[in-house]
Amino acid sequence: MHPAAECLAGSLATCAACLFTNPLETIKTRMQLQGELQSRGTYKIYYKNVFHAFYTIAKVDGILALQSGLVPALCYQFVMNGIRLGSYQIMVNAKLTEDREGKISYLRCMAAGALSGCTGAAVCSPIFMIKTQLQSKSSSAIAVGTQHDITNLSSGIISIYREHGVRGLWRGASASMVRVTVGSATQLSAFSKSKDFYSRNNLFEPGGFMLSVSASMTASVFVVLAMTPFDVISTRLYNQNVNSSGIGLKYTNFFDVFVKVFAKEGFLGFYKGTFAHYFRLGPHTVIGLVLWDSIRKYFG
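Rules and cut-offs
- Residues numbered from 1 in each chain as written.
- Predicted model: local features only at pLDDT ≥ 70, side-chain atom pairs only at ≥ 80, totals over all residues.
- Heavy atoms only, no water.
- Helix = DSSP H or I, 4+ residues; strand = E, 2+ residues; numbered from the N terminus.
- Rg over C-alpha atoms; globule rule 2.2 N^0.38 Å.
- Contact = heavy atoms within 4.5 Å.
- Areas by Shrake-Rupley, 256 points an atom, 1.4 Å probe, with all protein chains shown as cover.
- Lys, Arg positive; Asp, Glu negative; His and termini not counted.
- Charge placed at Lys NZ, Arg CZ, Asp CG, Glu CD.
- UniProt positions renumbered as here; feature names shortened; annotations may be inferred.
- Patch = residues over 30% accessible without salt bridge, like charges linked within 9 Å, V, L, I, M, F, W, Y side chains within 5 Å.
- Salt bridge = Lys/Arg side-chain N within 4 Å of Asp/Glu carboxyl O.
- Buried < 20%, exposed > 50% of the residue type's maximum accessible area, 1.4 Å probe, protein only.
- Expected span 1.5 Å × (residues − 1).
- Bend = angle between axes of the 7 residues up to and from the residue.
- Phe/Tyr/Trp six-rings, centres within 6.5 Å; stacked < 30°, edge-to-face > 60°.

**Things to note about the overall build of the chain**
- For the chain, the helix and strand inventory stands at 9 helices and 0 strands.
- Taken from the N to the C terminus, the helices and strands of the chain come in the order α-α-α-α-α-α-α-α-α.
- In summary, the chain has a C-alpha radius of gyration of 19 Å against a globular reference of 19 Å for 300 residues, a match within 12%.
- Expressed as lengths along the three principal axes of its C-alpha atoms, the size of the chain is roughly 55 × 40 × 35 Å.
- Long-range contacts, defined here as pairs at least 24 residues apart, represent 77% of the contacts in the chain between residues at least 6 apart.
- Of the roughly 13700 Å² that the chain leaves accessible, carbon and sulfur atoms contribute 66%.
- For the chain, the centre of its 28 positive side-chain charges and the centre of its 15 negative side-chain charges are spaced 5 Å apart.

**Section: the UniProt feature "repeat: Solcar" (unreviewed entry) in the chain**
- Those places that UniProt annotates as "repeat: Solcar" (unreviewed entry) correspond, in this numbering, to residues 1-94, 104-197 and 207-298.
- Taken end to end, residues 1-94 is 70% helix and 0% strand, and its two terminal C-alpha atoms sit 12 Å from one another.
- As a span, residues 104-197 carries 78% helix and 0% strand, and end to end its C-alpha atoms are 9 Å apart.

**So, a nonpolar patch on the surface**
- Judged by side-chain polarity, Phe51, Val221, Phe222, Leu225, Phe275, Tyr278 and Phe279 come together as a nonpolar surface patch covering roughly 760 Å² of accessible area.
- Elements that contribute at least two residues to the nonpolar patch include exactly α7 (209-239) and α9 (274-299).

**Here we look at unusual backbone geometry**
- In this model, lysine 95 sits at a positive phi of 65°, which is unusual for a non-glycine residue.
- The residue asparagine 202 is not glycine, and still its phi comes out positive at about 55°.
- One can find asparagine 202 in the loop between α6 (173-200) and α7.
- Overall, asparagine 202 belongs to the exposed group, its relative accessible area being 62%.

**Observations regarding helix α3 (residues 70-93)**
- Spanning 24 residues, α3 covers 32 Å between terminal C-alpha atoms, matching the ideal 34 Å at 1.5 Å per step.
- The largest bend in α3 comes to about 30°, at asparagine 81.

**Quick word on the packing of aromatic side chains**
- For the coordinates displayed, the defined rule picks out 11 aromatic pairs.
- Judged by centre distance (6.0 Å) and plane angle (55°), the rings of phenylalanine 51 and phenylalanine 279 are tilted. Here phenylalanine 51, found in helix α2 (residues 50-60), pairs with phenylalanine 279, found in helix α9; they are 228 residues apart in sequence, far enough to count as distant.
- Residue phenylalanine 279 is classed as partly exposed on the basis of its relative accessible area, which comes to 35%.
- Between tyrosine 198 and phenylalanine 204, the ring centres sit 5.7 Å apart and the planes meet at 80°, which makes this aromatic pair edge-to-face.
- On the basis of relative accessibility, which here comes to 16%, the residue tyrosine 198 falls in the buried class.

**Considerations on the environment of tryptophan 292**
- As for its position among the elements, tryptophan 292 is in helix α9.
- Overall, the relative accessible area of 2% leaves tryptophan 292 in the buried class.
- For the pair formed by tryptophan 292 and valine 79, sequence separation is 213 residues and the distance between their alpha carbons is 15 Å.

**Examining α6**
- Look at α6: 39 Å from first C-alpha to last across 28 residues, which is about the 40 Å you get at 1.5 Å a residue.
- One or two residues past the end of α6 sits asparagine 202, with phi positive at roughly 55°.

**Describing the pattern of salt bridges**
- In the structure shown here, the tally under the stated rule is 13 salt bridges.
- Linking arginine 236 and glutamate 265 is a salt bridge whose minimum nitrogen-to-oxygen distance equals 2.9 Å. With a gap of 29 residues between them, arginine 236 in helix α7 and glutamate 265 in helix α8 (residues 254-265) connect regions that are remote in the sequence.
- With relative accessibility at 0%, the residue arginine 236 sits in the buried group.
- For aspartate 256, the salt bridge identified is with lysine 260, shortest N-O distance 3.2 Å. Within this pair, aspartate 256 and its partner lysine 260 are both found in helix α8, separated by 4 residues, close to a single helical turn.
- Take lysine 260: its relative accessible area is 30%, and that puts it in the partly exposed class.
- Salt bridges here are not isolated pairs; linked through shared partners, they connect Glu25, Lys28, Lys131, Arg179, Asp231 and Arg280.

Below is the structure:
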């Protein structure tokens, strides 16, 4: 496939997945902000679990609130995963993910996935920040984290640019880049290696639908375990309030978040919203990667 077509295939596949999984992204974001920098047992729990959060948000904020941040989420998926999946497949097509014997190399896949993911995250960081702030916004009765006075993607970008310039739009980008670098490296390497393993051992028909499904399900487990701590850090950095100079009022950088969360919330603080993250990222990974594989086969 043409490089542009590779990027478009990744964009379309992940946007389709996003339509189904965005409500879980909203839930995950709020659960990650719940009890921010507070010790366990010292704060009110608005969201007990994924199902309770779904019910609470729908009841208090309305059912449409579960699709908060959908527009920036779709924009993020379209651009970021177009870059990420497209550039990764270009490297696969160039056989950069294979060893000297022509076999899929796990380390090469990880390196290719990390590079493609880091590039996509760097470009799309402002969109992800607005998405996070819109998804955390709620009625005062169930509000968690900083509440931002923005209503949509364009108003958010304009507001931040006017107050803090271009630098303000890329606030927290370093955390997002680490988040997607780890997630992309894990997801794409696990997907490629699992697909190769299942195919070589004749567990599923080579090139078949179930081969893509099983490989993507395997990848989803690994990516959630690896990515969740960095996802929490990224959410905290993006959603915090800032002073007139654009400096965060709670955290100064990636490492500052790590130290403060560990000190106040303990190790489990990095895994807040894990089940919500899996319920969101699991289906998103499966739907996105299976569609990506299918689109590439159809147009390839």
